[in-house]
Structure formats: structure tokens, C-alpha cells
Amino acid sequence: MTVTARTADLAGGRPVVPSRGAMRPLGLGEARITGGFWARRQQTNGSATLEHGRMWMDKLGWTGSFVPADRAGAAADRRGREFTDSEVYKLVEAMAWETGRSPQPGRDREIGELAAMFASAQAPDGYLHTAFGRPGQRPRYSDLAWGHELYCTGHLLQAAVARTRTAGADELLEVARRAADHVCATFGNDGPAIVCGHPEIETALAELARVTGEQRYLDQAALFLRRRGHRSLPPHQFGWEYFSDDVPIRHAHTLRGHAVRALYLAAGAVDVAVETGDDELLEAVADQFDRTLARRTYLTGGMGSRHEDEAFGEDFVLPADRAYSETCAGVAAIMLAWRLLLATGRARYADVIERILYNVVATSIGDDGRSFFYANTLHQRTPTGVVPDDQEQLGFGGGPRAPWFEVSCCLGNTARLIASLSAYLAAVAGDELRLFQYADAEVRTTLADGRAIGVSVATSYPDSGGIRLRITETAGGPWSIALRLPDWAAGAASGATAASVIVNGRAQTVGGDRVVVRREFAVGDEIVLQLPMSPRFTFPDPRIDAVRGCVAVERGPVVLCAESTETGPDLDQVRVDPATAPAGEQDGEAVAVAALIDDTAPAAWPYADAPPDGSRTPTTLRLVPYHRWGRRGPATMRIWLPRT
Ligand SMILES: [Zn+2]
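Keep in mind that this is a model prediction, so the values were computed, not measured. Throughout this document, residue positions are counted from 1 along each chain, in the order its sequence is written. At least 70 in pLDDT is required for a residue's local features to be given in this predicted model, at least 80 for side-chain atom pairs to be given and counted, and no such filter applies to totals for whole chains, interfaces and linings, which use all residues. Heavy atoms throughout the structure, all of them, feed into the side-chain values; hydrogens and water do not.

Participant: How should the overall build of the protein chain be read in this particular structure?
Facilitator: For helices the rule is a DSSP run of H or I covering at least 4 residues; for strands it is a run of E covering at least 2, with both sets numbered from the N terminus onward. Tallying secondary structure elements over the protein chain gives 14 helices and 24 strands in all. Computed over C-alpha atoms, the radius of gyration of the protein chain comes to 25 Å, within 12% of the 26 Å expected from 2.2 N^0.38 for 644 residues, which places it in the range of a compact globule. The buried share among the 644 residues of the protein chain stands at 60%. Accessible surface for the protein chain amounts to roughly 23,400 Å². Of this, 51% is attributable to carbon and sulfur atoms. The sign given to each residue is positive for Lys and Arg and negative for Asp and Glu; His and the chain ends receive no count. For this purpose, a charge sits on NZ of Lys, CZ of Arg, CG of Asp or CD of Glu. Computed over 68 positive and 80 negative side-chain charges, the separation of the two mean positions in the protein chain equals 2 Å. The globule rule used here is 2.2 Å times the number of residues to the 0.38 power, and the radius of gyration it is set against is calculated over C-alpha atoms. Residue burial is assigned from relative accessible area. The probe radius is 1.4 Å, only protein chains are included, and a residue is buried under 20% of its type maximum, exposed over 50%, and partly exposed in between. In these tables, accessible area is a Shrake-Rupley quantity obtained with a 1.4 Å probe, and a residue counts as shielded only by the protein chains included in the view.

Participant: Would you explain the coordination of the zinc ion in this entry?
Facilitator: Six octahedral donors around a metal ideally subtend angles of 90 or 180 degrees, whereas four tetrahedral donors ideally subtend 109.5 degrees. Coordinating donors are taken to be N, O and S atoms lying within 2.8 Å of the metal, or within 3.2 Å when the metal is Na, K or Ca; because water is excluded from the atom set, some sites may appear incomplete. The protein atoms that coordinate the zinc ion are E326 (OE), C328 (SG), C409 (SG) and C410 (SG), at distances of 2.1 to 2.3 Å. Within one chain, the residues serving as donors to the zinc ion are arranged as E-x1-C-x80-C-C. Comparing E326 with C328 shows no difference in burial state: the two are buried.

Participant: Help me understand the packing of aromatic side chains, please; the structure alone is not making it clear to me.
Facilitator: Aromatic ring pairs are described here by two measures, namely the spacing of the ring centres and the angle between the planes. Ring geometry is summarised as follows: Phe, Tyr and Trp rings, the Trp one being its six-membered ring, pair when their centres sit within 6.5 Å, and such pairs are stacked at plane angles under 30 degrees, edge-to-face over 60 and tilted between the two. All chains considered together, the criterion is met by 27 aromatic pairs. Between the aromatic rings of W338 and F436, the centroid separation amounts to 6.2 Å while the plane-to-plane angle is 85 degrees, which identifies the pairing as edge-to-face. Of the two residues, W338 sits in helix α11 (residues 327-344) while F436 sits in the loop between β7 (432-435) and β8 (440-446), which places them 98 residues apart along the sequence. Classification of W338 as buried rests on a relative accessible area of 1%. Between the aromatic rings of F537 and F539, the centroid separation amounts to 6.4 Å while the plane-to-plane angle is 50 degrees, which identifies the pairing as tilted. Note on F539: relative accessible area 45%, which makes it partly exposed. Members of the aromatic cluster, connected to one another through ring pairs, are F37, W38, Y358, Y438 and Y461. Only lysine NZ and arginine CZ atoms are considered, and such an atom sits over a ring when it is within 6 Å of the ring centre and within 35 degrees of the ring normal. Positioned above the aromatic ring of W38, the side-chain terminus of R41 is 5.9 Å from the ring centre. Sitting over the face of the ring of W56, K59 holds its NZ or CZ atom 4.1 Å from the ring centroid.

Participant: What's the story with the pairing of β8 in this structure? I'm lost.
Facilitator: Walk down a regular strand and you will see the side chains alternate between the two sheet faces. Bridge analysis of strand β2 (residues 31-35) against β8 gives four bridges, and the strand direction is antiparallel. Its bridge partner being in β8, A31 is matched across the sheet by V443. The criterion for strand pairing is that DSSP finds at least two bridges linking the strands in question. Strand direction decides the pairing type here: β8 and strand β9 (residues 452-459), joined by six bridges, are antiparallel. Looking at the pairing, V443 lines up with V455 of β9. Taken together, β8 and the strand that follows it, β9, pair antiparallel across an intervening segment of five residues, in which G450 is found at a positive phi of about 95 degrees.

Participant: How should the sheet that holds β9 be read in this particular structure?
Facilitator: Either a parallel or an antiparallel arrangement is found when strands of a sheet pair, and the pairing is made through backbone hydrogen bonds. Across the sheet, which stays open at both edges, the seven strands sit in the order β2-β8-β9-β10-β15-β12-β13 with antiparallel pairing between neighbours. The open sheet terminates on both sides in strands that have one partner only, identified here as β2 and β13 (506-508). The average undirected angle you get between the axes of adjacent strands in this sheet is 20 degrees. Alignment of strand β12 (residues 500-503) against strand β15 (residues 526-530), held across four bridges, turns out to be antiparallel. Looking at β15, one finds that V501 is bridged to L529. For helices, the fitted line uses only the C-alpha atoms of the stretch in contact; every axis is such a line through C-alpha atoms, and the angle between N-to-C directions lies from 0 to 180 degrees.

Participant: Help me understand the pairing of strand β21 (residues 591-598), please; the structure alone is not making it clear to me.
Facilitator: Pairing analysis gives three bridges linking strand β19 (residues 574-576) to β21, with the strands arranged antiparallel. For V574, the partnering residue across the bridge sits in β21 and is I597. The pairing of strand β20 (residues 583-584) with β21 spans two bridges and is antiparallel. Bridging from a neighbouring strand, A583 pairs with A592 of β21. Where β21 lies against strand β22 (residues 616-625), eight bridges are found, and the strand directions are antiparallel. Considered in β22, the bridge of A595 is made with T619.

Participant: Just checking my understanding: could you explain the sheet that holds β7 for this structure?
Facilitator: A sheet is described by the order of its strands in space; here five strands give the open sequence β1-β6-β7-β11-β14, paired in mixed fashion. Strands with a single pairing partner mark the edges of an open sheet, and in this sheet they are β1 (24-25) and β14 (514-519). Direction of pairing for β7 relative to strand β11 (residues 479-484): parallel, over a ladder of four bridges. Bridge pairing in β11 links L433 to I481.

Participant: I'm lost on the packing of helix α9 (residues 259-276) against α11 in this one. Help?
Facilitator: Two quantities define a packed helix pair, namely the angle between the axes and the distance from one axis to the other. The geometry of α9 relative to α11 is characterised by a closest axis approach of 8 Å and an angle of 20 degrees between their N-to-C directions. By the angle class used here, α9 and α11 are roughly parallel. Regarding α9 and α11, the two cross each other, and that crossing is left-handed. Every residue of α11 that contacts α9 at A259, V260, L263, Y264, A266, A267, V270, D271 and V274 is listed here: C328, A329, A332, A333, M335, L336, R339, L340 and A343. Each angle receives one of four descriptions, namely roughly parallel if under 35 degrees, roughly antiparallel if over 145, roughly perpendicular if within 65 to 115, and oblique otherwise. In a left-handed crossing the near helix is turned counterclockwise from the far helix by less than a right angle, and in a right-handed crossing that turn is clockwise. Contacts between residues were defined by any pair of non-hydrogen atoms, one from each residue, lying within 4.5 Å.

Participant: Would you take a moment to explain helix α5 (residues 149-167) for this structure?
Facilitator: An α-helical turn contains 3.6 residues, so a residue and the one three or four places further along point in the same direction. Under the convention used throughout, the expected extent of a helix is 1.5 Å for every residue step, that is, one less than its residue count. Relative to the 27 Å expected for 19 residues at 1.5 Å per residue, α5 spans 27 Å between its end C-alpha atoms, a close match to the ideal helical length. Burial of α5 is extensive: 18 of the 19 residues sit out of reach of the surface. Looking one or two places after α5, you find G168, whose phi comes out positive at around 105 degrees.

Participant: Explain the nonpolar core here, please?
Facilitator: Generally speaking, a soluble globular protein has its nonpolar side chains buried in company with each other. To qualify as a nonpolar core, a set must consist of buried Ala, Val, Leu, Ile, Met, Phe, Trp, Tyr and Cys residues joined through side-chain atoms within 4.5 Å. Membership of the largest hydrophobic core comes to 190 residues, with the highest contact counts inside it found for F118, L263, F289, L531 and L621. The dominant element in this core, judged by the number of residues it contributes, is α11, at 14 residues. Core analysis: the second largest hydrophobic core is formed by 20 residues, F316, V547, V559 and Y626 among them.

Participant: What is the right way to look at the pattern of salt bridges in this model?
Facilitator: Where charged atoms from two side chains of opposite charge come close, those side chains can pair. Salt bridges are identified by distance alone: a Lys or Arg side-chain nitrogen within 4 Å of an Asp or Glu carboxyl oxygen. As enumerated under the stated definition, the model contains 58 salt bridges in all. Between D278 and R250 there is a salt bridge, with its nearest N and O atoms 2.7 Å apart. Taken together, the residues D278 in the loop between α9 and α10 (279-295) and R250 in the loop between α8 (215-227) and α9 connect sequence positions 28 residues apart. Of the charged contacts, one joins D290 and R348 as a salt bridge, the two residues approaching to 3.5 Å between their closest N and O atoms. Here the residue D290 occupies a position in helix α10, and R348 occupies one in helix α12 (residues 348-364), the gap between them amounting to 58 residues. Accessibility expressed as a relative area gives 40% for R348, which makes it partly exposed. One network of salt bridges, in which partners are shared, links R291, R295, R296, R306, D309, E314 and D315.

Participant: Before we go on, may I ask you to explain the environment of V274 in this structure?
Facilitator: One can find V274 in helix α9. Accessibility expressed as a relative area gives 5% for V274, which makes it buried. Along the primary structure V274 and G430 are separated by 156 residues, whereas in three dimensions their C-alpha atoms are 19 Å apart. In contact with V274, not counting residues within four places along its chain, are P18, R20, R210, L282 and A343.

Participant: Sorry, what's going on with the side chain of Q122 here?
Facilitator: Counting through the fold element by element, Q122 comes out in the loop between α4 (105-121) and α5. By relative accessible area, which is 9% here, Q122 ends up buried. N or O atoms closer than or at 3.5 Å make up a polar contact, with two conditions inside protein: a donor-capable atom paired with an acceptor-capable one, and, for residues adjacent in sequence, both atoms drawn from side chains. A polar contact is formed between the side chain of Q122 and the side chain of R178, at a distance of 3.0 Å. If we ignore the near neighbours within four places in the chain, the residues touching Q122 are Y127, L128, V175, R178 and A179.

This is the structure:
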């Protein structure tokens with residue numbers, strides 16, 4: 001396999017570095033978010049979320065569990081569930097991306113101290129997990145279905161990859177290599193034909209192979225993929241599909257079972273398919289994801305509609321009020337979509353990333369960066385409670401954004417994504433710079449032929465649809481800039497303003513899923529993309545029974561919702577007339593729809609031999625971005641509004 005030179009990785013700071021594919025992703029050193037929607041969140045992530053996560057992990061003893069394995073009482077002092085080691089690793093990964101984005105000596109030192117702590121807890125043979133294998137604990141790998149050992153190792157590897165790509169090889173990479181070598185020695189060709197109940201090690205091993213150039217890590221990832229789907233894990237009440245262990249990965253038709261597990265596994269499969277040239281596997285996973293998007297995904301991009309097993313429902317089982325849509329599933333779906341985008345070049349995966357970013361990731365995180373949703377419902381029937389203080393832990397779902405959950409996987413996941421987000425903005429293919437996500441940004445990179453180019457992006461997206469690019473550096477000869485036209489903009493035939501592009505004052509034709517501007521650029525050249533931001537109605541496929549007869553409103557990439565505060569109408573009595581287009585400003589946020597309030601009183605028996613016939617009072621319903629809901633105190637909320 002070809003491995004990108006380490007020096008390039010260090011300069012780039014990229015989460016995913018495929019050795020082949022439709023394009024080369026840019027890293028933190030080449031694309032930087034400088035202001036706006038995501039810059040604010042990156043700042044909060046760096047200044048509050050990381051510290052908040054550390055505070056909780058110290059308080060609960062999760063970091064304190066990393067003590068030498070032979071220390072007296074090590075087992076008895078161990079705190080937390082089997083997977084808490086992974087939360088510490090994910091936090092370190094987020095810290096590593098954050099230092100790559102915005103260097104801080106204090107954070108650098110903190111990562112070094114944590115790496116030393118991991119090293120001290122690592123057994124001489126490389127095994128590292130604080131809940132197994134020590135005197136008084138269960139033996140190593142005695143519970144592969146639920147023990148999360150290889151899952152935790154995977155997150156250790158990903159933390160080391162992030163650290164190496166942002167600061168260079170250090171002790172963390174050494175710890176990760178020893179752990180990976182131990183995994184290869186234990187589960188190699190001669191090892192037991194069994195897999196971890198929670199995928200994650202696959203994508204981590206593939207990326208560690210990319211960083212180190214070690215073929216055996218990639219081989220091990222491929223071996224784990226081949227071993228899954230043969231029901232080697234013990235039977236479970238949720239079935240083998242819960243673990244994606246029901247069918248070999250290349251024979252499956254859709255993602256199924258536990259959503260985060262399925263998405264991590266698929267991401268690992270894409271990594272291995274790309275590195276081994278296995279196009280059949282790549283297309284199999286792309287087909288499964290496409291089918292999942294077509295039948296098992298919420299309007300928000302959220303995935304997982306079953307609370308009891310955190311799983312995908314059957315096709316079109318997408319109840320709004322029982323949406324699970326775990327934040328981690330959103331992050332995992334972005335990981336998968338990004339890999340598929342890089343491998344195939346298909347623009348729809350960038351659309352998916354945008355949808356999930358604005359409607360799952362941004363929704364989950366509290367304004368202060370110290371609280372978050374674990375599940376992201378699309379319909380809150382009873383008012384959420386008040387956000388508890390920093391020190392209080394909550395159960396899952398249904399409540400407000402919480403400072404902490406017993407299972408707090410989501411905080412570390414959003415933290416590592418937000419810190420590395422600028423790496424998802426753009427890529428280079430040949431002599432073309434492709435811009436996928438729109439934010440205030442500075443891009444400085446080289447085309448495939450080595451020419452250095454620079455572009456600055458100024459926008460107040462998604463509040464407005466204007467995106468202004470200015471060439472800041474260029475070299476002789478023509479090259480191209482390709483701008484993504486989101487699916488919602490291309491589909492603006494329904495009377496909405498179409499997208500337009502102006503290059504140095506002259507309009508250019510726009511169509512399809514992207515617009516390409518090719519010319520011999522000069523410094524100061526300007527491209528202005530204008531996306532149609534009028535609010536629009538969105539209708540569900542009638543097979544989604546739970547929201548049949550309803551309509552939603554979207555504006556640009558943002559899903560809107562009705563949120564009721566104490567004085568507002570009862571949202572479950574509102575009926576919207578889709579014959580009257582929603583009203584809203586091109587550059588504003590106020591969106592209103594004409595509605596009726598159905599005042600039918602509940603009867604003794606909620607079914608009758610004729611449709612209910614209450615009186616209907618006209619009203620105007622104000623809608624807000626879904627990602628803003630629940631930030632102004634207890635509220636009910638709904639995205640899907642029944643039609644008149
Ligand atoms: Zn989670």
C-alpha cells in the first residue's frame with residue numbers, strides 16, 4: 001500500500017488520509033474556519049467542553065482507573081462501566097485536534113501527562129484495558145460481546161493518530177502501537193475467529209496503518225471485517241443484527257441493528273476497501289448507506305429510531321416522538337459519509353454531512369458547551385425540565401440538555417468532530433479545489449501539480465445564502481474551484497429562487513449538484529455564490545406512517561421547528577395549510593406559517609365514526625431553527641406539523 005508521507009500528515013492534520021480515492025482531503029493546516037456559526041462552536045468546544053469533560057472524568061474516577069495493572073487494589077479502585085476508558089481516549093483525541101487547530105502549551109502538557117498515565121497502566125505485552133485482566137477482575141477477552149475491550153483499544157488508536165497528525169509521534173503513538181501489536185498477536189490469522197461486540201477497532205487499525213505504514217494493522221482490520229457476520233458472538237435478545245454480526249458485511253442490504261455500531265463498522269469497511277482496492281466492498285457499503293438514507297433516516301439526518309436497543313428501525317419506521325437519533329450516530333454517520341465522499345466523489349455525501357452538522361450535532365450541544373442531548377427527538381410532547389447545574393448527571397433522553405450521562409459517549413464524539421471540523425470543508429482533485437461546506441474560512445493548499453493556491457471565504461451562512469470567495473494566492477495557468485450546490489438548492493424548482501454564481505461581476509450558469517469556475521485566476525478575483533434561502537415546505541414519503549399527513553419547514557440546510565414556551569399554543573393542536581408558502585426573510589431568521597388551532601376537546605374515547613369537527617382558529621405559527629430548541633427554558637417542540 002502507498003502511505004502518505006508522515007511529514008505531509010503533520011502539516012495537514014487530517015482525520016482520514018486515504019492512499020487513493022477521488023480526491024485528497026485538506027487538513028487543519030490547509031483549511032481553517034475563521035468565523036461564524038462553527039467558529040463560535042469551535043471556540044466553546046476548546047474553552048469549555050474539553051475542560052468540562054475532564055472535570056467529569058476525574059470526578060467519576062474514569063481517568064483515575066489508569067493505574068499500573070500490578071498495583072495493589074487496582075481492580076477494586078476501578079470506576080465506571082466497561083467502556084469508560086474509551087471516553088478518556090476520545091477526550092484526548094479531541095484535545096489533540098484542538099491543539100492542532102489552536103496550539104496551547106497547557107493542553108499539550110495535559111495530553112503528555114495522560115499519555116504517560118496510559119503507558120503506566122499498559123501491561124508489558126501491550127494489553128491495555130482497566131476493567132479486565134487484573135487480579136480480581138474478569139480475564140482478558142472473556143466477554144467480547146459486551147466487554148468493549150477492542151472498542152476501547154480502537155479509540156486509543158484514534159487518539160494516537162490525531163496526536164501524531166497534529167503534533168508528531170510521541171509516547172501516545174508508542175502506547176497505541178504496543179496495544180495494536182498485542183491485538184494483532186492475539187487475534188491474527190491463528191487467533192480466535194471472533195469479533196468485538198462494538199465495532200471501532202477496524203477503522204482505527206486502518207488509520208493507524210496509514211499513519212505508521214504498517215501493513216499488519218490493515219491486515220488485522222480486514223480480518224476483523226471478514227470475521228463479522230458469522231454469528232460468532234453469543235445470541236442476544238436483540239438478535240445478531242444488533243452487533244451487525246448477522247450477515248457478512250458485503251452481503252448485507254442496509255445498515256441495521258445498533259446504529260453507532262453499524263456506522264462505525266461501515267466506516268472501517270470503507271477504509272479497508274479503499275486501501276486494499278476492494279471496490280466490491282466499497283460499493284456494497286455505499287449501497288447500504290444509500291438505502292439507509294432512503295428509508296431509515298430522519299429529516300434531521302438523525303439515525304436510530306428504537307430506544308430499547310439504540311437501533312435502526314425497519315424501513316420507514318421513523319416516529320418523530322420516539323426518535324432516538326443518538327448524537328454519536330450523527331457523528332458516526334458523518335465519519336462514514338466523509339469516507340464515502342473521498343472515495344467516490346459523490347456530492348450527496350457532502351449534503352448528508354451538512355444536514356447532520358446543522359440538525360444533529362449543532363442541536364446536541366448546549367450554548368455553554370457544558371451540556372448536551374444524548375438522544376435528539378423530533379417531537380417533545382411534554383416540556384423538558386430545566387438544565388441542571390454542571391455537577392448533575394441525568395438519565396437518557398426526554399429531558400433537557402444534560403451536563404453528563406451515565407453513558408457519556410456523545411460529548412467526546414462531538415468534541416473531536418468540532419475540533420477537527422475544518423478538515424471536512426474542502427478537498428483537492430487534480431487541479432480543482434472542491435469546497436463542500438460553507439463557513440468563514442481561509443484555505444491555503446497545493447493542487448495535485450504542486451501549484452500553491454489560496455482562497456478566503458466570507459459568509460454568514462446559514463443565516464444568509466451568500467458565500468463570497470476571494471482568491472488570495474494563485475500560480476500560472478488555469479485551475480478550477482468547484483462549489484457544492486446542496487440538494488435542497490438544486491431542487492428549488494418549486495418557485496423558490498434558484499442558486500446563482502457571479503464571477504468578477506459576471507453571472508455564470510448554474511445547474512446540477514455543483515458549479516465549477518475554471519480560469520486563470522488572479523489574486524483578488526471574486527466568486528459569489530448565492531443559495532436560495534427562502535423557507536420551504538418538506539413532505540414525507542407516505543410510507544413513513546408516523547408523520548403521514550404532516551409537513552415540515554426547512555430553510556437552507558436548517559430544519560425548523562415549532563417550539564412552545566409557556567404562553568404559546570399547544571403545538572399538538574396546530575394545523576398547517578401548505579397551500580400558503582411559509583414567509584421568511586432571505587437574510588433573516590423569522591419564519592412564519594399560516595396555521596389553524598384545532599380546539600377539538602378530547603372525548604371520553606379518542607376514536608369516532610366520523611372525523612372530529614372542532615372549531616378552528618386562524619393563527620400564525622413562528623418557527624425557529626431546530627438546533628435552537630430547548631435553549632430558553634422548558635419547552636415542547638415539533639418538527640412535523642399536521643396539515644389542515
Ligand atoms: Zn453517544
